[in-house]
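Secondary and tertiary structure notes
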Amino acid sequence: MSAVSDPPPAARRPSTESLRDRLPAFPWDKLEPYKKTAAAHPDGIVDLSVGTPVDPVPELIQKALTDAADSPGYPTVWGTPALRDAITGWVERRLGARDVTHRHVLPVVGSKELVAWLPTQLGLGPGDRVAFPRLAYPTYEVGARLARAEYEAYDDPTELDPAGLRLLWLNSPSNPTGKVLSKADLTRIVAWAREHGVLVVSDECYLELGWEADPVSVLHPDVNGGSYDGLVAVHSLSKRSNLAGYRAAFLAGDPAVLGPLLEIRKHGGMMTSAPTQAAVVAALGDDEHVRVQRERYAARRTALREALLGHGFRVEHSEASLYLWATRDESCWDTVAHLAERGILVAPGDFYGPAGGNFVRVAFTATDDRVRAAVRRLGA
């Protein structure tokens, strides 16, 4: 009997090609030529393309982090009792939720990680459907693709066919538009989803940043009738507390959803670091630093909005979040090029769906100095 020869080394190597092929091209790579143009400006680039915090982490949070630096043991996925107390207390105090227990909350390793892997962790796959807003954070689609689930965008979720719809993403305040869903709209959507047995996951990461509207959570009893059945809210400390580098976020809502997620995440080792957990406790227990940061953003928003309007832009929605959704009624890439020539980099609207093809997203997370530079260039 002849021996069977081993396959060549390349054939034995595991391949991620099939996983990679499920994903769209990473959109931000397309901005690189425009970033180079903007960076060539004599006074340097003003990067308003990504909503990344630039202001210091508040001192009380830094202190909590460093005080917990001697953490040689493994943290738990569910977090310390102090962390769960901090989350439940904040959810009740800030969102108006009632009767929130530890079973209603789950810390996660940053909200993007959660969005990308939630469909997979929920056991979704071929034949299941995921829906998200027509203009939306691209990672909602990425999460569906990773799970091999079907996906679709909506204008009004109650007009969707509920057959096979397993996960309905809401996003209020919206990224990229800053649009806020009213309490009446949220109540209507929640009632429809419950009628059809659809899980609602509400991305509320910008809820602390309402300017011309007061965003409401799906956890508010006026929206959910005092029940968390079929509802999960996603919250992040990246924007409110300048903690994007800490990867600190959490879920709150239906224990029947969060309990199984906790068990799955235990197996996956998805643990928030112990120092980060301590920092989150400090951050959620202090409202003053949020007020101070809101004032910074409010001033930057006002300055950039007036400058954009003066430059011939129209701003739509933008009543909340960290962005201005602006248009000159032309291709978003023409607008990106126009602003790059002035040393200003913004995000093209089509990153968030074809409906954004004539818009750009302008972040006001730059420093005061860079915002002043943008205002001068727009006024020239």
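Just above, that's the structure.
Residues numbered from 1 in each chain as written. Predicted model: local features only at pLDDT ≥ 70, side-chain atom pairs only at ≥ 80, totals over all residues. Heavy atoms only, no water.

**Details of the overall build of the protein chain**
A tally of helices and strands in the protein chain yields 14 helices and 13 strands. For a compact globule of 380 residues, the expected C-alpha radius of gyration is about 21 Å, and the protein chain comes in at 22 Å, within 12% of that figure. For the protein chain, the C-alpha atoms occupy an extent of roughly 75 × 65 × 50 Å along the three principal directions. Burial analysis of the protein chain (380 residues in total) assigns 52% to the buried set. For the protein chain, the proportion of contacts with a sequence separation of at least 24, taken over those separated by at least 6, is 75%. As displayed, the protein chain has an accessible area near 16,800 Å², and 53% of this comes from carbon and sulfur atoms. Here the protein chain holds 42 positive side-chain charges and 48 negative ones, and the gap between their average locations is 3 Å. (Helix = DSSP H or I, 4+ residues; strand = E, 2+ residues; numbered from the N terminus. Rg over C-alpha atoms; globule rule 2.2 N^0.38 Å. Buried < 20%, exposed > 50% of the residue type's maximum accessible area, 1.4 Å probe, protein only. Contact = heavy atoms within 4.5 Å. Areas by Shrake-Rupley, 256 points an atom, 1.4 Å probe, with all protein chains shown as cover. Lys, Arg positive; Asp, Glu negative; His and termini not counted. Charge placed at Lys NZ, Arg CZ, Asp CG, Glu CD.)

**Topic: the pattern of salt bridges**
Per the stated rule, a full pass over the model turns up 25 salt bridges. For Arg265, the salt bridge identified is with Glu113, shortest N-O distance 3.0 Å. In this pair, Arg265 sits in helix α10 (residues 255–268) while Glu113 sits in helix α6 (residues 111–121), placing the two residues 152 residues apart along the sequence. Each member of the salt-bridge network shares a partner with another, and the members are Asp43, Asp369, Arg370, Arg376 and Arg377. (Salt bridge = Lys/Arg side-chain N within 4 Å of Asp/Glu carboxyl O.)

**Details of the side chain of Arg129**
Considering the arrangement of structural elements, one finds Arg129 in strand β3 (residues 129–133). On the accessibility criterion, Arg129 (10% relative accessible area) is buried. Here Arg129 is in contact with Glu150, Glu152, Asp161, Pro162, Ala163, Gly164, Leu165, Arg166 and Leu167, once residues within four sequence places are set aside.

**Digging into the sheet that holds strand β8 (residues 249–253)**
Taking strand neighbours across the sheet as the criterion, the seven strands line up as β2-β8-β7-β6-β5-β3-β4 in an open arrangement whose pairing is mixed. Bordering the open sheet on either side are β2 (105–108) and β4 (150–154), each of which pairs with just one other strand. On average, each strand axis in the sheet is inclined to that of its neighbour by 20°, with strand direction left out of account. Strand contacts of helix α5 (residues 81–95): β2, β7 (231–236) and β8, with the helix running at about 110° to β2, the strand carrying the most contacts. This element, helix α7 (residues 139–146), spans β3, β4, β5 (165–171) and β6 (199–203) of the sheet and lies at about 160° to β4. (Pairing = 2+ DSSP bridges. Axes fitted to C-alpha atoms, helices over the stretch in contact; angles between N-to-C directions.)

**Let's talk about the layout of surface pockets**
Space inside the second largest pocket adds up to approximately 400 Å³. The wall of the second largest pocket is formed by 19 residues, among which Pro133, Arg134, Tyr154, Asp155 and Lys179 lie closest to the centre. At the level of secondary structure, the elements contributing two or more residues to the lining of the second largest pocket comprise β5 and α8 (183–195). At three residues, the largest contribution of residues to the lining of the second largest pocket is made by α8. (1 Å grid on protein atoms, 1.4 Å probe; cavity = no way out; pocket = protein on both sides within 12 Å on 5 of 7 lines; lining within 4 Å. Points joined across faces, edges and corners; volume = space filled by probe spheres on them.)

**Topic: the sheet that holds strand β10 (residues 323–327)**
Taken in spatial order, the four strands of this open sheet run β9-β10-β13-β12, and their pairing is antiparallel. The sheet is open, and its two edges are formed by β9 (314–316) and β12 (347–348), each paired on a single side. Pairing of β9 with β10 involves three bridges; the strand directions are antiparallel. Residue Glu316 lies in a different strand from β10, and its bridge partner there is Trp325. Strands in contact with helix α12 (residues 288–310) are β9, β10 and β13 (360–363); relative to β10, the strand with the most contacts, it is inclined by about 5°.

**Focus on unusual backbone geometry**
With the exception of glycine, most residues fall at negative phi, and the peptide bonds are largely trans. Omega for the peptide link from Ser172 to Pro173 comes to -5°, which places this bond in the cis form. You can see Pro173 is positioned in the loop between β5 and α8. Of note, the phi angle at His317 is positive, near 55°, even though the residue is not glycine. With respect to the helices and strands, His317 occurs in the loop between β9 and β10.

**Thoughts on empty space enclosed by the protein**
Taken as a whole and assessed by the stated rule, the structure comprises five cavities of 30 Å³ or more. When its volume is computed, the largest cavity comes out at roughly 60 Å³. Classifying every residue of the lining of the largest cavity by side-chain character gives six nonpolar, two polar and three charged. Forming the boundary of the second largest cavity are Leu83, Ile87, Pro107, Val108, Ala248, Ala249, Phe250, Thr272, Thr276, Gln277 and Val280. Mapped onto the lining of the second largest cavity, the elements with two or more residues apiece are α5, β2, β8 and α11 (274–284). Residue contributions to the lining of the second largest cavity peak at three residues, all from α11. Considering only residue class, the lining of the second largest cavity consists of eight nonpolar, three polar and no charged. (Nonpolar A, V, L, I, M, F, W, Y, C, P; charged D, E, K, R; others polar.)

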